Amino acid sequence: MREPGERIRALAPAGLPTGQFIEGTICDAGGHPVAARVAARSVTTGLVHEARADDSGGFVLVVGPGEHEVAATAARHGDAFRRNVFPGTRVDLVLTPPVFLTGRAVAGGGPGVAGVRLRLRKGDGSTDRGAWVLADFAPREATTAKDGAFEILRATSLDGVLALEIAGGPVRVGGRVPVPSSSRSADLVVPVEPAEPIAVRGTACDLATGAPLAAVEVRRDVHVGRTGEEGAFRLEGVSPGTGLVEVLAPGRPAYDETVSVERGTKLLLRVPAPLDLDGVVTDEAGAPVADAVVCWTGSALRPAARTDERGRFRIGGIAPERGGVVQAWAAGFAPVEAWPVPGEPRITLRLPRGGRLSGRVSGPEGTPAAGVGVRIAAAGGTRGRKVLRDLRSARCDDDGRYLFQDLPEQDVWIFVVPRDPHLAPARGRASVPPGALGQAADIRLRRADMLESVVTDPDGSPVSGAIVRLVSPLRSAMAVADDRGRFALPPAAPWKEVLSAVAPTFAPTSVVVQDGVPLPPVVLLPLADPTSLTV
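The structure presented is a predicted model; accordingly, all values stated were derived computationally and were not measured.

Rules of the game
- Every chain is numbered independently, its residues counted from 1 as its sequence is written.
- pLDDT decides what is reported in this predicted model: residues at 70 or higher carry local features, side-chain atom pairs at 80 or more are listed and counted, and totals for whole chains, interfaces and linings draw on all residues regardless.
- Note: side-chain values were computed over all heavy atoms of the structure, leaving out hydrogens and water.
- Numbering of helices and strands starts at the N terminus; helices are DSSP runs of H or I of at least 4 residues and strands are runs of E of at least 2.
- Exposure categories follow from relative accessible area, calculated using a 1.4 Å probe and restricted to protein chains: below 20% of the type maximum is buried, above 50% is exposed, and the middle band is partly exposed.
- Throughout, a residue-residue contact means that at least one pair of heavy atoms, one from each residue, lies within 4.5 Å.
- Computed by Shrake-Rupley with a 1.4 Å probe, the accessible areas treat only the displayed protein chains as cover when residues are assessed.
- Only buried Ala, Val, Leu, Ile, Met, Phe, Trp, Tyr and Cys residues count toward a nonpolar core, and they belong to the same one when joined by side-chain atoms within 4.5 Å.
- His is not counted, nor are the chain ends, whereas Lys and Arg count as positive and Asp and Glu as negative.
- The salt bridge definition used is simple: a Lys or Arg side-chain nitrogen within 4 Å of an Asp or Glu carboxyl oxygen.
- For the purposes of these results, a polar contact is taken to be a pair of N or O atoms within 3.5 Å, where, inside protein, one atom must be able to donate a hydrogen and its partner to accept one; residues adjacent in sequence count only when each atom of the pair is a side-chain atom.
- Strands are labelled as partners when DSSP assigns at least two bridges between them.
- For every element, the axis is a line fit to its C-alpha atoms; helices are fit only across the contacting stretch, and the angle between N-to-C directions ranges from 0 to 180 degrees.
- pLDDT expresses, on a scale from 0 to 100, how confident the predictor is about each individual residue.

### Some remarks on the overall build of the protein chain
Assigned secondary structure in the protein chain consists of two helices and 43 strands. For the protein chain, with 535 residues in total, the buried portion stands at 48%. Pairs at least 24 apart in sequence give 60% of the contacts found in the protein chain among residues at least 6 apart. Total accessible area on the protein chain is roughly 25200 Å²; 51% of this is exposed by carbon and sulfur atoms.

This is the structure in structure tokens:
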């Protein structure tokens, strides 16, 4: 009999290097396997790798190094999303039951408006983690019916605030309506402003020379036009308001720009020319570094290349004028980044030897905290050539020890979030030496009381069924208030976190939670119109 995961590992392509794939299973809430689509997005490069699970729910994703976000979706099911996934690890995903967000698009509180295109997006002020799922991998879109009604599949597994974006139709576009967590299936009223479609004229030209660009495709929502010999284009039936204009020019990197269009607006789209960036990656002594990964961050596709035996690389079709940096990393070295000079097609990247950081985590009784996750991030006042822009994760071994490798010289925070809800999160601070092993102080977890309080209305009456979430970049937890409005969450962390509460017919609210500061009652204010939300 095979061990769990053995059959899945057999699906990996022959010759694949150890640790360069992510494997796992996908099932529904009842534990039944689902042949779902699954994708992993590199947090560093932005590259997305996609696959499909087989009939037993097993999948293998071939990925590059570094941290990834993994998402899964299937017809007649909800979705699943997991952060902080690294190559060589196993991910078992459970698809949430399908939950539909329903409502109507209305004009001025009057009749419903048909033909309005709505898209589900990550909301303003929300973390960008997972935004690619709704933008590219599993878009959630709907068009309103004759009475303005719509139904759109909700992304239930993504952290943060979601919003309905008014994307097109006989209305002014660009507005976003926040979707609080309480509105999982309840009707929403989306206020829209009717507007007659307009024709938009413009010209596409080269950014550097101003020369017109012929045979270029220009898009705004579902409307497409093409430039003539003088670079002029015309888009018919465009909804006025603010939205994205995309330009697809042969031989040039994809270009997009957020613009506001009204009747009579004439657009001038300056499209950057492609630049083939050649370079070399060396160590600090000038010796070439082979098999290093080099990535350009100034494009949504984040093109990448690997260095040859002489440390050379080429990344084609970049546009330094639009901003972005070149990042490079390799095993045994700390990552670096550099800013290419517009018009300069060559760059040299020097990688310093990477530092390492080790430490130990123990439980309240001093026993090793085997399997506990540890994360690090750059501390304030850090030094070095490149700070950690994202959290890095490791897991304690049977002796409670963890190890981080290929780090830049800098000071870091160490975060420990135990799975046991009766143990408090902990943190420490350490310094990563250049090219050597640093030893962090031991961290000992402690028992702590649950974070308890009550959800009430302004009169002090309990709000039963309110959903309370505790969210930070390091963890998330949820509780539902009982009949007396009471809830309990895991102990507070020694860093600031946000506690949010939502309930039907009430406006969402949030408070900052700090360790050692008592949590007061959470008061929800009634909505003026319990069936509507305003931008």
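This is not the end of the story, as more comes after the structure.
### Some points on the nonpolar core
With 29 residues, the main nonpolar core has Val116, Val133, Leu164 and Val192 as its most contacted residues. For this core, the secondary structure elements donating two or more residues are β8 (100-107), β9 (117-122), α2 (131-137), β11 (149-153), β12 (162-168), β13 (176-179) and β14 (188-192). For this core, the element with the most residues is α2, which contributes four residues. In this structure, Val192 is in contact with Ala105, Val106, Ala107, Gly108, Val113, Val116, Ile166 and Val171, ignoring residues within four places of it in sequence. Of all hydrophobic cores here, the second largest spans 21 residues; its members include Ala394, Cys396, Ile414 and Ala430.

### Structural notes on the environment of Gly109
In this structure, Gly109 sits in the loop between β8 and β9. Counting along the chain gives 81 residues from Gly109 to Val190, while the straight-line C-alpha distance between them is 9.5 Å.

### Considering the side chain of Asp28
For Asp28, the location among the structural elements is in the loop between β1 (21-27) and β2 (37-42). Buried Asp28, no salt bridge; nearest opposite-charge side chain is Arg76, N-O distance 9.9 Å. Polar side-chain contacts of Asp28 include one of 2.8 Å to the backbone nitrogen of His32. Those residues in contact with Asp28 that lie beyond four places of it in its chain are Val34, His77, Val94 and Leu95.

### A word on the pairing of strand β33 (residues 410-416)
Within β33, six of the seven residues are buried, which leaves it mostly tucked inside the rest of the structure. Two strands pair when backbone bridges link them, and strand β30 (residues 373-378) and β33 are joined in this way by five bridges, in the antiparallel orientation. Across the sheet, the residue bridging to Ile376 is Ile414, located in β33. Inspection of the sheet shows β33 paired to strand β34 (residues 426-432) by seven bridges, in the antiparallel sense. Bridging from a neighbouring strand, Gln410 pairs with Val432 of β34.

### Topic: the sheet that holds strand β42 (residues 509-513)
Strand order in this open sheet of four strands is β39-β38-β41-β42, and the pairing throughout is antiparallel. What marks the edges here is a single partner per strand, and that holds for β39 (475-480) and β42. Adjacent strand axes in the sheet meet at a mean angle of 20 degrees when their direction is disregarded. Two strands pair when backbone bridges link them, and strand β41 (residues 497-502) and β42 are joined in this way by five bridges, in the antiparallel orientation. Its bridge partner lying in β42, Ser500 is registered against Ser510.

### Observations regarding the environment of Arg446
Following the sequence through the fold, Arg446 ends up in the loop between β36 (443-444) and β37 (451-456). Taking the relative accessible area as the measure of exposure, Arg446 reaches 40% and is therefore partly exposed. Taking the C-alpha atoms as reference points, Arg446 and Ala424, separated by 22 residues in sequence, lie 5.9 Å from one another. Every residue in contact with Arg446, bar those within four places of it in the chain, is listed here: Pro364, His422, Leu423, Ala424 and Asp515. Polar contacts involving the side chain of Arg446 include one to the side chain of Asp515, which spans 3.2 Å.

### Focus: the sheet that holds β14
Each strand in a sheet pairs with its neighbour through backbone hydrogen bonds, running either in the same direction (parallel) or in the opposite one (antiparallel). Spatially, the three strands line up as an open sheet ordered β11-β8-β14, and their pairing is mixed. Looking along the sheet, the strands with just one partner apiece sit at the ends: β11 and β14. Each adjacent strand pair in this sheet contributes to an overall mean axis angle of 35 degrees, direction not counted. Bridge count between β8 and β11: five bridges; the pairing is antiparallel. Across the sheet, residue Phe100 finds its bridge partner in β11, namely Leu153.

### Thoughts on the confidence of the model for the protein chain
Close reading of the predicted structure is inappropriate where its pLDDT is low. On average, residues of the protein chain score 84 in pLDDT, and 88% of them are at 70 or above. The spread of mean pLDDT over the elements of the protein chain runs between helix α1 (residues 6-9), the lowest at 33, and β36, the highest at 96. Long-range and interchain partners of residues 381-388, a stretch whose pLDDT sits below 50, account for 28 contacts in this model, where long-range means more than four residues apart.

### A closer look at the pattern of salt bridges
Under the defined criterion, the tally for this structure stands at 21 salt bridges. Note that Glu141 is salt-bridged to Arg119, the shortest N-O span being 3.3 Å. Taken together, the residues Glu141 in strand β10 (residues 141-143) and Arg119 in strand β9 connect sequence positions 22 residues apart. A salt bridge links Asp308 to Arg312, with the shortest nitrogen-to-oxygen separation between them at 3.1 Å. With a relative accessible area of 24%, Asp308 lands in the partly exposed category. Overlapping salt bridges, with partners in common, bring together Arg117, Arg119, Glu141, Glu165, Arg176 and Asp221 in one network.

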